[in-house]
Amino acid sequence: MKPENIRKLFGTDGIRGESGKFPLDSRTVRIIGRSLAGHLSKRTDGRAPRIVIGRDTRESGVWIEQDLVAGARSEGAEVESAGIITTPGVAFLARTLPADAGVVISASHNPYQDNGIKVFEPSGRKLDEGTERHIEKDIVDAFSETAGSTKKNPEADIAERSPADLRRLYLDYLAHDVAHGLSLGHLTMVVDCANGSAWEIAPPLFERLGARVVAINNQPDGRNINRECGSLHIEGLQRRVLQERGDLGVAFDGDADRALFVDSEGRFVDGDATMWVLANYLKSRGDLIDDTVVATVMSNMGLEIALRSRGIKLTRTDVGDKYVLDELLRSGATLGGEQSGHIIFPKLSLAGDGMITTIGLLRAMRDQDSSLADLTEDFKRYPQLLVNVRVREKRPFGDLPAVQNLAEKVEQELGDRGRLLLRYSGTESLARVMIEGESQSQIEGQANALAEAIKTELGADD
């Protein structure tokens, strides 16, 4: 992407790209830091804005942090670094210290070559879109005014309070406030840290609560984050849980804002099944406000049907934790999340937090004296198929008669025991056909027919 062609750098999860290339090159990162500090200073009545910053284990995170801090301090900001810490850990520090913003340097579940910058408000919500647009404009203006400049600010000292002290604040919050009274004695957990930011937080947290912890993928080297491990690669965790005769396995992604699980029998428990367990537990305690759970359009229909059988309503949003949070705050609901394992408890944190999700699931198991296998027994996942079609343009599906007519026919065939979702990718030139139904062979035929119809109308040249 060329700077002069910038229109929108911030997506639903901040700025993300390949480290070292625009917009995650040294010069642009400094501009972002300077711009953020400048806009924050307009809110502070002359007080120096305060920023807390943290990163995951990618090798590029070190210099990105240094450049971002240098840019922010050039505008007079006070910056504290928590070093390697989870994304929700930074969100917690932003509201607790308090700071005027929390900045995370991470690309979540992406490979190590990528990185990203996302900013949290003191409330724990992501940065407002108005400020994002201002920062994008500042980047454009800076390049147009000083094109070719290689001037750099002196390297900033990013150590004020000890990063270990800041991480300890977050760990104490999880152990004391979130897990209060939870004892995990005689429980064996296998914890997959994804060689990411959970590696120094998750094992000591659950050991502190009394569990026997077997930590795997907890030796980050700057390049092995998410590599054949963590929430995108559950198979290794499944094998290890069986080997260790564990009661539970948990896999985090690179920045630990999501968690996926394995039960004692080695079976995978995704975000939908996790929400099923948590919703039933909260309802039994009278803590599920309006008997409602918020999920996205990608959550399996089996979740909706299972919840309905317990008198619980499922409200769906567009894909993205941002939209889940918006609906949680609008409706006052107490539980929401995504199939990917990104679960939000708005009373505890406005950021998805894999540690909080794990504590919630363990509490449901302990309080009900049940295994995870027992608690997920009544959850039946419907066959689900997702087919991607590369397209040359993203025209509304309603403007494509052949596609629209076939979609209507498929919906009639599925009735109330299935679901069709047609949507475009927000980041790639792809149309996505997602179908759920009771018969795998039926939905495969339907999905392939719709994919061919879309390809005929909009297919990109190979």
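Just above, that's the structure.
What counts and what doesn't
Residues numbered from 1 in each chain as written. Predicted model: local features only at pLDDT ≥ 70, side-chain atom pairs only at ≥ 80, totals over all residues. Heavy atoms only, no water. Pairing = 2+ DSSP bridges. Helix = DSSP H or I, 4+ residues; strand = E, 2+ residues; numbered from the N terminus. Axes fitted to C-alpha atoms, helices over the stretch in contact; angles between N-to-C directions. Contact = heavy atoms within 4.5 Å. Salt bridge = Lys/Arg side-chain N within 4 Å of Asp/Glu carboxyl O. Buried < 20%, exposed > 50% of the residue type's maximum accessible area, 1.4 Å probe, protein only. 1 Å grid on protein atoms, 1.4 Å probe; cavity = no way out; pocket = protein on both sides within 12 Å on 5 of 7 lines; lining within 4 Å. Points joined across faces, edges and corners; volume = space filled by probe spheres on them. Nonpolar A, V, L, I, M, F, W, Y, C, P; charged D, E, K, R; others polar. Right-handed = clockwise from strand over helix to strand, strands pointing away. Core = buried A, V, L, I, M, F, W, Y, C linked by side-chain atoms within 4.5 Å. Parallel < 35°, antiparallel > 145°, perpendicular 65-115°, else oblique. Left-handed = near helix turned anticlockwise from the far one by under 90°.

Colleague: Outline the sheet that holds strand β4 (residues 101-105), supporting the account with residue identities and numerical values.
Modeller: One open sheet accounts for five strands, arranged β1-β5-β4-β2-β3; its pairing is mixed. Pairing within the sheet leaves two strands with one partner each, and these edge strands are β1 (15-18) and β3 (78-84). Along the sheet, successive strands turn relative to each other by an average axial angle of 15°, direction set aside. Bridge count for strand β2 (residues 50-55) against β3 is five bridges, and the pairing is parallel. Bridging from a neighbouring strand, Arg55 pairs with Ile84 of β3. Across the sheet, helix α2 (residues 60-74) lies against β2, β3, β4 and β5 (114-120), angled at about 170° from β2, the strand it touches most. Across the sheet, helix α3 (residues 87-96) touches β2, β3, β4 and β5, and the angle it forms with β4 is around 165°.

Colleague: I'd love a proper account of the sheet that holds strand β16 (residues 419-424), names of residues and values included.
Modeller: Pairing is antiparallel in the open sheet, where three strands are placed in the order β15-β17-β16. Each having just a single partner strand, β15 (384-390) and β16 make up the two edges of the open sheet. Taken over all neighbouring pairs, the strand axes of this sheet differ in orientation by 15° on average, direction set aside. Two strands pair when backbone bridges link them, and β16 and strand β17 (residues 430-436) are joined in this way by six bridges, in the antiparallel orientation.

Colleague: Would you mind going over the pattern of salt bridges in detail, with residue names and values included?
Modeller: Enumeration according to the criterion identifies 38 salt bridges in this entry. A salt bridge links Lys118 to Asp255, with the nearest nitrogen and oxygen atoms 3.1 Å apart. Of this pair, Lys118 sits in strand β5 while Asp255 sits in the loop between β8 (248-252) and β9 (259-263); the two residues are 137 residues apart in sequence, bridging distant segments of the chain. With relative accessibility at 3%, the residue Lys118 sits in the buried group.

Colleague: With reference to specific residues and values, describe empty space enclosed by the protein.
Modeller: By the definition in use, this model includes one cavity of 30 Å³ or more. Approximately 50 Å³ is the volume found for the largest cavity. The wall of the largest cavity is formed by Asp13, Thr87, Lys118, Phe120, Lys126, Asp257, Asp321, His342, Ala351 and Gly352. Of the residues contributing to the lining of the largest cavity, the split by class is two nonpolar, three polar and five charged.

Colleague: Requested: an account of the pairing of β2, with residues and values cited.
Modeller: For β2, the buried fraction is high: five of the six residues fall into the buried class. Once you follow β2 into α2 and on to β3, the crossover reads as right-handed. Sheet topology places β2 next to β4; five bridges connect them, and they run parallel. Paired with Arg55 across the two strands is Ile105, which belongs to β4.

Colleague: With reference to specific residues and values, describe the nonpolar core.
Modeller: Looking at soluble globular proteins, one finds that nonpolar side chains tend to be buried together. With 71 residues, the main nonpolar core has Leu174, Met189, Phe206, Phe252 and Met355 as its most contacted residues. Counting residues per element, this core draws most heavily on helix α8 (residues 271-284), at eight residues. Residues within four places of Met189 in sequence aside, it is in contact with Leu184, Phe206, Ala211, Arg212, Val213, Val214, Leu248, Val250, Thr358 and Leu362. In terms of nonpolar packing, the next biggest core, distinct from the first, is built from 29 residues, Ile15, Ile32, Ile53 and Val69 among them.

Colleague: So what about the side chain of Asn300? Which residues, and what values?
Modeller: Topologically, Asn300 is positioned in the loop between β11 (292-296) and α9 (301-309). Residues within four places of Asn300 in sequence aside, it is in contact with Asp272, Arg316, Gln339, Arg381, Tyr382, Gln384 and Glu436.

Colleague: Could you give me a rundown of the packing of α8 against α9, with the residues and numbers involved?
Modeller: Relative to each other, α8 and α9 sit at 10°, their axes nearing to 10 Å. The orientation of α8 relative to α9 falls into the category roughly parallel. Regarding α8 and α9, the two cross each other, and that crossing is right-handed. Side by side, α8 and α9 meet where Asp272, Met275, Trp276 and Ala279 of the first sit next to Leu303, Ala306 and Leu307 of the second. Its residues placed into classes, the contact of α8 with α9 shows six nonpolar, no polar and one charged.

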